[in-house]
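Coordinates in review
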Amino acid sequence: MSKKVIIIGSGIAGISSSLKLKSYGINSIILDKGNFIGGRISTREVKIGSSSNYFFHGAQFFTAKTHEFKKIISTGVNGKYIKEFGNFDPKRYRGNKTMRDFLLNLSKKLHIQQKVKIIGIKSDNNKIKVLDNKIKEWISYDGVISTLPAPQNCELLNQFPSLQKTLNTGSYHACIALMFTFDEIPQGLKTYYDFYKKPGILSWMASGSNLNVWTAHTNEKFSDLNYHKNKNFLTEKIMSSIKQFFSSSKIKFHGLHVWRYAKVAKKCLGPQIDPKYPVAIAGDFLEGPNVEAAFISGNKAANLIFNRLK
Ligand SMILES: Cc1cc2nc3c(=O)[nH]c(=O)nc-3n(C[C@H](O)[C@H](O)[C@H](O)COP(=O)(O)OP(=O)(O)OC[C@H]3O[C@@H](n4cnc5c(N)ncnc54)[C@H](O)[C@@H]3O)c2cc1C
């Protein structure tokens, strides 16, 4: 089918939409405003001496319950770009050696362009026109899948009220990620520490590509109350929690990332495709607060667009 489909966002929902369309013989282009693919499955490089080290300051791992995502994982494990993380039941996985390697391998045959922000979408007879901040001209497509977090998607899709209605029903928790390294790796260090339901402001702390690079995440309560506050204030607060935990080690601060829309608090309910136009939405906000859910929503959006364009 020689149709021209655009996917907005190179997170896992965008990648899975594009892979699914490809399986139907439809080539799509993914455009994303960020510097790297992956969206909230993010990797940041830091050089220590001459060696590259990687923080994972978004999703820390992924799990698989569905047949579709289990297949992605077993292909990745066989291809050595996914590895098991920790010793959990059900199993948890990470990219090998970084989260970005996982996504780069998964999307090898896809057409993705970074650093392009979509700033408008409108209908034009049976086609959809899209405006970006690079070419700055309206370009016509046969179909669109938009995978931005729900509130941002809602703003972009202001010409499509029924999708806006769906997008307005959900909500997100924020999360603040602080990246740090040790001057000397402490003895007996584990690869992760889980603070779920424990007092304090942290939810989780885990190493990245090796035991020297770490990310600490704040819990939902602290994040939702404080994400908009001054970065120096947040850095001081989080660093003092980490220092209490590793009281005998010297810790070096490397960066702070505030995720306003981190984890789905309430899923969006309603139609995933516009009743009239070939515009669909995909993202974790439709299925649940994790990587696998976002992947599944991308598959569903691709099925809806394929059926609409048939
Ligand atoms: C701190 C944190 C920790 C997490 N931990 C886990 C975990 O351990 N396990 C787990 O399974 N899940 C975790 N999650 C959730 C998981 O990361 C998300 O559910 C999943 O990655 C969402 O994928 P997505 O494709 O729906 O959205 P995103 O990854 O947000 O992708 C949307 C993309 O759209 C792009 N975009 C936005 N606006 C525009 C525009 N105007 N034009 C072009 N592009 C645009 C963005 O750059 C982004 O790349 C975590 C999330 C965060 C933030």
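Up top is the structure.
Below: a short report on this structure. (Residues numbered from 1 in each chain as written. Predicted model: local features only at pLDDT ≥ 70, side-chain atom pairs only at ≥ 80, totals over all residues.)

Quick look at helix H9 (residues 291–309) now. In an α-helix, one turn spans 3.6 residues, which is why side chains three or four residues apart end up on the same side. Taking 1.5 Å of rise per residue, the 19 residues of H9 would be expected to cover 27 Å, and the 27 Å separating its terminal C-alpha atoms lies within 8% of that figure. The element H9 is extensively covered by neighbouring structure, given that 15 of its 19 residues are classed as buried. (Helix = DSSP H or I, 4+ residues; strand = E, 2+ residues; numbered from the N terminus. Expected span 1.5 Å × (residues − 1). Buried ≥ 20, exposed ≤ 12 C-beta atoms within 10 Å, placed from the backbone.)

So, on to the sheet that holds strand S9 (residues 127–132). Reading across the sheet, the 3 strands line up as S8-S9-S10 and stay open at both edges, with antiparallel pairing between neighbours. Only two strands of the sheet have a single neighbouring strand rather than two, namely strand S8 (118–124) and strand S10 (139–141). Adjacent strand axes in the sheet meet at a mean angle of 30 degrees when their direction is disregarded. By the bridge criterion, 6 bridges tie S8 to S9 in an arrangement that is antiparallel. (Pairing = 2+ DSSP bridges. Axes fitted to C-alpha atoms, helices over the stretch in contact; angles between N-to-C directions.)

Moving on to unusual backbone geometry. A cis amide bond links Asp 89 with the next residue in sequence, Pro 90, at an omega value of 0 degrees. With respect to the secondary-structure elements, Pro 90 resides in the loop between strand S5 (82–85) and strand S6 (92–95). At the junction of Asn 96 and Lys 97, the peptide bond is cis and its omega measures out at 5 degrees in the coordinates. Note that Lys 97 resides in the loop between S6 and helix H3 (99–106). Within the chain, Lys 115 stands out as a residue other than glycine whose phi angle is a positive 60 degrees. With respect to the helices and strands, Lys 115 occurs in the loop between strand S7 (111–113) and S8. The phi torsion at Lys 136 lies on the positive side, around 60 degrees, for a residue other than glycine.

Our focus in this paragraph is the pairing of S6. Along any regular strand the residues' side chains alternate between the sheet's two faces. Two elements, S5 and S6, share 4 bridges in a ladder whose sense is antiparallel. In the sheet register, Glu 84 faces S6, and the bridge partner there is Tyr 93. Counted between consecutive antiparallel strands, the loop separating S5 from S6 contains 6 residues, among which Gly 86 sits at a positive phi close to 65 degrees.

With that out of the way, let us pick up the site of the ligand. Contacts to the ligand come from 38 residues, most closely from Gly 9, Gly 11, Ala 13, Gly 39 and Asn 290. Taken together, the elements giving at least two residues each to the shell around the ligand come down to helix H1 (12–23), helix H4 (150–156), strand S12 (171–182), strand S16 (251–266) and H9. Classifying every residue of the shell around the ligand gives 19 nonpolar, 13 polar and 6 charged. (Near = placed C-beta within 6 Å. Nonpolar A, V, L, I, M, F, W, Y, C, P; charged D, E, K, R; others polar.)

As for its position among the elements, Gln 60 is in the loop between strand S4 (51–55) and helix H2 (67–78). By C-beta crowding, Gln 60 is classed as buried, having 22 other C-beta atoms within 10 Å. Each C-alpha atom, one on Gln 60 and one on His 173, is 16 Å from the other, the two residues being 113 residues apart in sequence. Here Gln 60 is in contact with Trp 204 and Ala 206, once residues within four sequence places are set aside. (Contact = placed C-beta atoms within 7 Å.)

Time to look at the sheet that holds S12. Hydrogen bonds between backbone groups are what pair the strands of a sheet, and the pairing can be parallel or antiparallel. Read from one edge of the open sheet, 5 strands run S13-S14-S15-S12-S16, paired in antiparallel fashion. On the outer flanks of this sheet lie strand S13 (192–194) and S16, each paired with one strand and no other. Neighbour-to-neighbour, the strand axes of the sheet open up by a mean angle of 20 degrees, direction not taken into account. Across 11 bridges, S12 lies against S16 in antiparallel orientation. Looking across to S16, one finds that Ile 176 is bridged to Val 258. Strands S12, strand S14 (202–207), strand S15 (213–218) and S16 of the sheet are contacted by helix H7 (residues 231–245), whose axis makes an angle of about 105 degrees with S16.

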